[in-house]
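This is what each chain is made of:
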Amino acid sequence: MAPSAAIPSTAVPIVAIDGPSGSGKGTIARRLAERLDWHLLDSGALYRLVALAGARAGLGTEDVEGHTALARTLQADFGRDPETGGERILLAGEEVTAQVREERSGMGASRVAAWPSVRAALVDRQRAYAQHPGLVADGRDMGTVIFSDAPLKIFLTASADERARRRHKQLKYKESTASLAALSREIAERDERDANRAVAPLRPASDAFVIDSTELTADEVFERVIELGRSKGLWA
Ligand code: C5P
């Protein structure tokens, strides 16, 4: 086999982290971006925003063209709350962080994300995040489609029960009333749609490192990712 090409010094280093919902990839991606002081792309939030913008505009849930137009012109801003340090998501200048994180937006996102025209409308916007000194990209198709030449690809997964438990804890912390049983069903439905859609289905890239985090703490997963990046020469 030919040796893999050296990473050109001008190329932006990218770590692609994909996986199903509740696998912990968001936590790991954020932590890694903070540790390295790299940019962070939360691609799921873009699909969530398209769904939210569609609902706000009164679009029908099957209105592909309408959602595609919204995806093309989406005015999304991501930042940090200056007081709490928590994430802050703006849609056309209005803070929508809480709504974006609701499971309802996750379901809506999964619906619009199955439409090829919506996915196509978000490609350039996602690739524009690849800026020096580096990018950590979190999603479902970061390693397979958007950054298919990323030097490090991680596919993070965990058992369905464990993922539902994690999401429940996360949402409860945000004062949601979602029951564990309902959440389990919704996650299963979302996984099923994400894994079986025709375009960019959820699956590990052939060169991704698959990490099953069911029995691992976030610290242990993080250390594995740090080790992998080190072994690839992405950081010291
Ligand atoms: O990661 P998150 O739960 O925020 O993603 C919400 C939904 O957006 C996913 O269930 C998936 O359908 C969609 N998505 C996607 N491709 C991505 C990121 C998210 O299809 N790169």
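This text follows the structure it describes.
Residues numbered from 1 in each chain as written. Predicted model: local features only at pLDDT ≥ 70, side-chain atom pairs only at ≥ 80, totals over all residues. Heavy atoms only, no water.

K.L.:
Summarise the overall build of the protein; cite the residues concerned and give the values.
P.N.:
In terms of regular secondary structure, the protein is built from 10 helices and 8 strands. The C-alpha radius of gyration computed for the protein amounts to 17 Å, which stays within 12% of the reference 18 Å derived for 236 residues, consistent with globular compactness. With respect to the three principal axes, the spread of C-alpha positions in the protein is 50 × 40 × 35 Å. Here the protein, with 236 residues, has 45% of them falling under the buried criterion. For the protein, the proportion of contacts with a sequence separation of at least 24, taken over those separated by at least 6, is 74%. Treating the 32 positive side-chain charges of the protein as one cloud and the 34 negative ones as another, the clouds have centres 1 Å apart. (Helix = DSSP H or I, 4+ residues; strand = E, 2+ residues; numbered from the N terminus. Rg over C-alpha atoms; globule rule 2.2 N^0.38 Å. Buried < 20%, exposed > 50% of the residue type's maximum accessible area, 1.4 Å probe, protein only. Contact = heavy atoms within 4.5 Å. Lys, Arg positive; Asp, Glu negative; His and termini not counted. Charge placed at Lys NZ, Arg CZ, Asp CG, Glu CD.)

K.L.:
How would you summarise the site of the ligand if you had to cite specific residues and measurements?
P.N.:
Neighbouring the ligand are 16 residues, the closest being Arg48, Arg119, Asp141, Asp194 and Arg197. For the ligand, a nitrogen atom lies 2.9 Å from a polar atom in the side chain of serine 43. Taking arginine 190, its side chain carries an N or O atom lying 2.8 Å from an oxygen atom of the ligand. Compared with its free state, where it exposes 460 Å², the ligand has 96% of that area covered by protein. Put simply, the parts of the chain that give the shell around the ligand at least two residues each are α2 (43-56), α5 (103-112) and α9 (180-196). Element by element, the count of residues in the shell around the ligand is highest for α2, at 4 residues. Taken together, the residues of the shell around the ligand break down into 4 nonpolar, 4 polar and 8 charged. (Near = heavy atom within 4 Å. Polar contact = N/O pair within 3.5 Å; in protein donor to acceptor, adjacent residues only side chain to side chain. Areas by Shrake-Rupley, 256 points an atom, 1.4 Å probe, with all protein chains shown as cover. Nonpolar A, V, L, I, M, F, W, Y, C, P; charged D, E, K, R; others polar.)

K.L.:
Give me the sheet that holds strand β4 (residues 87-91): which residues, what numbers.
P.N.:
Spatially, 3 strands are ordered β3-β4-β5 in an open sheet, and the strand pairing comes out antiparallel. In this open sheet, the two strands that pair with only one neighbour each are β3 (76-80) and β5 (94-95). One ladder, built from 5 bridges, connects β3 with β4; its direction is antiparallel. Residue pairing across strands places arginine 80 opposite glutamate 87, the latter belonging to β4. (Pairing = 2+ DSSP bridges.)

K.L.:
Go over the packing of helix α3 (residues 64-73) against helix α6 (residues 116-127) with me, naming the residues and quoting the values.
P.N.:
Contact pair α3 / α6: the axes reach a minimum separation of 8 Å and the direction vectors enclose 5 degrees. Here α6 runs roughly parallel to α3, going by the angle between their axes. From α3, Val64, His67, Thr68, Ala71, Arg72 and Thr73 reach across to α6, where they touch Ser117, Val118, Ala121, Leu122 and Arg125. Residue composition of the contact of α3 with α6, grouped by class: 5 nonpolar, 4 polar and 2 charged. (Axes fitted to C-alpha atoms, helices over the stretch in contact; angles between N-to-C directions. Parallel < 35°, antiparallel > 145°, perpendicular 65-115°, else oblique.)

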